[in-house]
Amino acid sequence: MTERTTRATGRGLHTWTGFSPLLRLLILTQLAFNIGFFAVLPFLAEHLGTAIGLAGWMVGLVLGLRTFSQQGLFVVGGALADRYGVRPVVLAGCVLRIAGFVWLGYAAQTWAVIGAVLLIGFAAALFSPAVESEVARQAVLWEESGGGSRTNVLALFTVAGQAGAFVGPLLGAALLAVDFRAVCLAGAGVFVLVLAGHFRLLPQHIPGRVRVRARTGPGAGLRSLTRNGRFLALCCGYGAYLLAYNQLYLILPDEVERTSGSQAPLAWLFALSSLLVVTTQLPVTRWAAHRLDLRRSMGAGLLLIAAGFGVVAAARPAGWTGTMGLLPAAGFVVLLTLGQMLVAPAARAWVPDLAEEGRLGLYTGAMSSVSGLIVLVGSSATGSLLDTELPPAVPWLVLAAIPVASMALLPRRR
């Protein structure tokens, strides 16, 4: 271990031990959520296309519906967390996620698949904004107490999520040797454990958390939110990133299948992405915190994401297969992951500065809801591009242009 790695590990351990028990629980929550989720999701597109027999545009639509039912309804989960607190919303989301995974494992018709996918997405729309908004609030408190930059806390939250995303696909790939149903039931089992743990450990009342009074309702907050132009601009930039990230589940599996003839390398590409985040997220965040403000950090990340699509677009006309054919896909994953490491913590750290008092959950959810709508439209369009006779580089070039264009929409910091 190098001296630099030792210093970074020591700083990370010191930061972790300085967190409150609640903040540590919330970060570990993200780890557990992603283990269960990513045990299933990377293999969903192939299951829909082969076992269920859906067309490419329908696979794209189903994946977009999953993202929209999750990201698109985050605003509902965030508003409920503001009104009722974190605990009941998280527990309800875990119950729905368990039911959704079990249903998906036994779904054999298109309508059943869509219903299960919508339920899986809505479950996350409940628990994710509740957890994310509280982590953001705790990160601000950590910063105000002199513990360090809030982006460091949110970066550690991202690391925990990616560690789960690293373990999840490996678990799913191992169980896929049995069948897809075994994968879904394993994912449900993970959330059973999460439900039991949070029923016991998550506090009913969190000190300092301001709840929205019942008589004000969510309508007042939504009206104010829709007039917040700077916040909506941030949502558009984040939506472009999320649309690009969603291509890990739509256009990347198609590319891997073309080059290798199977889905087996997909799990290793997901593992590569997660391993990069786990090992380099904190150093990248510290580097960015000293040199870039939040707007420049998001812009640099979006530019890296665009470059990732450009790598595959440049190599695609050559028609490489085998190991050589997987190299551009690996380059895409690396650049997309580096971009994510800059975009995601910066966007989450920006929301508390733009949100109303007591409505952080609503604003956290709304950012995901707007971006979820972008993903729904964009995923269907991408699936249609894959079904056409256009030159093979065109879908990748179109996707490269989207994050570049979104850089101009990012709000300027006051």
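An account of the accompanying structure is given in this report. (Residues numbered from 1 in each chain as written. Predicted model: local features only at pLDDT ≥ 70, side-chain atom pairs only at ≥ 80, totals over all residues. Heavy atoms only, no water.)

**Let's talk about empty space enclosed by the protein**
Here is step 1: Tallying each qualifying case throughout the model produces 6 cavities of 30 Å³ or more.
Here is step 2: Roughly 520 Å³ of volume is contained in the largest cavity.
Here is step 3: In terms of lining, the largest cavity is formed by 30 residues, of which the most central are Q30, N34, Q70, Q71 and R348.
Here is step 4: The class makeup of the residues in the lining of the largest cavity is 14 nonpolar, 12 polar and 4 charged.
Here is step 5: One number sums up the size of the second largest cavity: a volume of about 60 Å³.
Here is step 6: Taken together, E132, A136, L154, F157, R348, V351, T364 and M367 form the lining of the second largest cavity.
Here is step 7: Elements that contribute at least two residues to the lining of the second largest cavity include exactly α7 (110–144), α8 (150–176), α15 (322–354) and α16 (360–386). (1 Å grid on protein atoms, 1.4 Å probe; cavity = no way out; pocket = protein on both sides within 12 Å on 5 of 7 lines; lining within 4 Å. Points joined across faces, edges and corners; volume = space filled by probe spheres on them. Nonpolar A, V, L, I, M, F, W, Y, C, P; charged D, E, K, R; others polar. Helix = DSSP H or I, 4+ residues; strand = E, 2+ residues; numbered from the N terminus.)

**Quick word on the side chain of T364**
Here is step 1: Mapped onto the fold, T364 is located in helix α16.
Here is step 2: Here T364 is in contact with P129, E132, S133 and V351, once residues within four sequence places are set aside. (Contact = heavy atoms within 4.5 Å.)

**Topic: a nonpolar patch on the surface**
Here is step 1: Together, V102, Y106 and L185 line one region of the surface with nonpolar side chains, adding up to about 260 Å² of accessible area.
Here is step 2: Within the secondary structure layout, Y106 lies in helix α6 (residues 86–106).
Here is step 3: Judged by its relative accessible area of 48%, Y106 falls in the partly exposed class. (Patch = residues over 30% accessible without salt bridge, like charges linked within 9 Å, V, L, I, M, F, W, Y side chains within 5 Å. Areas by Shrake-Rupley, 256 points an atom, 1.4 Å probe, with all protein chains shown as cover. Salt bridge = Lys/Arg side-chain N within 4 Å of Asp/Glu carboxyl O. Buried < 20%, exposed > 50% of the residue type's maximum accessible area, 1.4 Å probe, protein only.)

**Let's talk about the layout of surface pockets**
Here is step 1: Empty space within the second largest pocket amounts to approximately 290 Å³.
Here is step 2: Along its surface, the second largest pocket is lined by 16 residues, and A45, G56, V59, L250 and D254 are the ones closest to its centre.
Here is step 3: Taken together, the elements giving at least two residues each to the lining of the second largest pocket come down to α3 (44–50), α4 (56–72), α12 (251–260) and α16.
Here is step 4: With 4 residues, the top contributor of residues to the lining of the second largest pocket is α3.
Here is step 5: Tallied by class, the residues present in the lining of the second largest pocket amount to 7 nonpolar, 5 polar and 4 charged.

**A word on the packing of helix α2 (residues 21–38) against helix α9 (residues 180–201)**
Here is step 1: Their axes nearest at 8 Å, the elements α2 and α9 cross at an angle of 160°. With respect to α9, the axis of α2 lies roughly antiparallel. As α2 packs across α9, the resulting crossing turns out to be left-handed. Residues L25, T29, A32, F33, I35, G36 and F37 of α2 pack against G187, V190, F191, V194, H198 and L201 of α9.
Here is step 2: Of the residues assigned to the contact of α2 with α9, the class counts are 9 nonpolar, 4 polar and no charged. (Axes fitted to C-alpha atoms, helices over the stretch in contact; angles between N-to-C directions. Parallel < 35°, antiparallel > 145°, perpendicular 65-115°, else oblique. Left-handed = near helix turned anticlockwise from the far one by under 90°.)

**Considering the packing of aromatic side chains**
Here is step 1: What the rule picks out here adds up to 12 aromatic pairs.
Here is step 2: Relative to F191, the ring of F101 lies with its centre 6.0 Å away and its plane at 65°, an arrangement referred to as edge-to-face. In this pair, F101 is assigned in helix α6 and F191 in helix α9, connecting sequence segments 90 residues apart.
Here is step 3: Residue classification places F101 among the buried positions, given a relative accessible area of 1%.
Here is step 4: A centroid spacing of 5.9 Å and a plane angle of 50° characterise the contact between F309 and W396, whose relative ring orientation is tilted. Of this pair, F309 sits in helix α14 (residues 294–315) while W396 sits in helix α17 (residues 394–406), and the two are 87 residues apart along the sequence. Each of the two residues, F309 as well as W396, counts as buried.
Here is step 5: Taking NZ or CZ as reference, R87 lies 5.1 Å from the ring centre of F199, over its face. (Phe/Tyr/Trp six-rings, centres within 6.5 Å; stacked < 30°, edge-to-face > 60°. Lys NZ or Arg CZ within 6 Å of the ring centre and 35° of its normal.)

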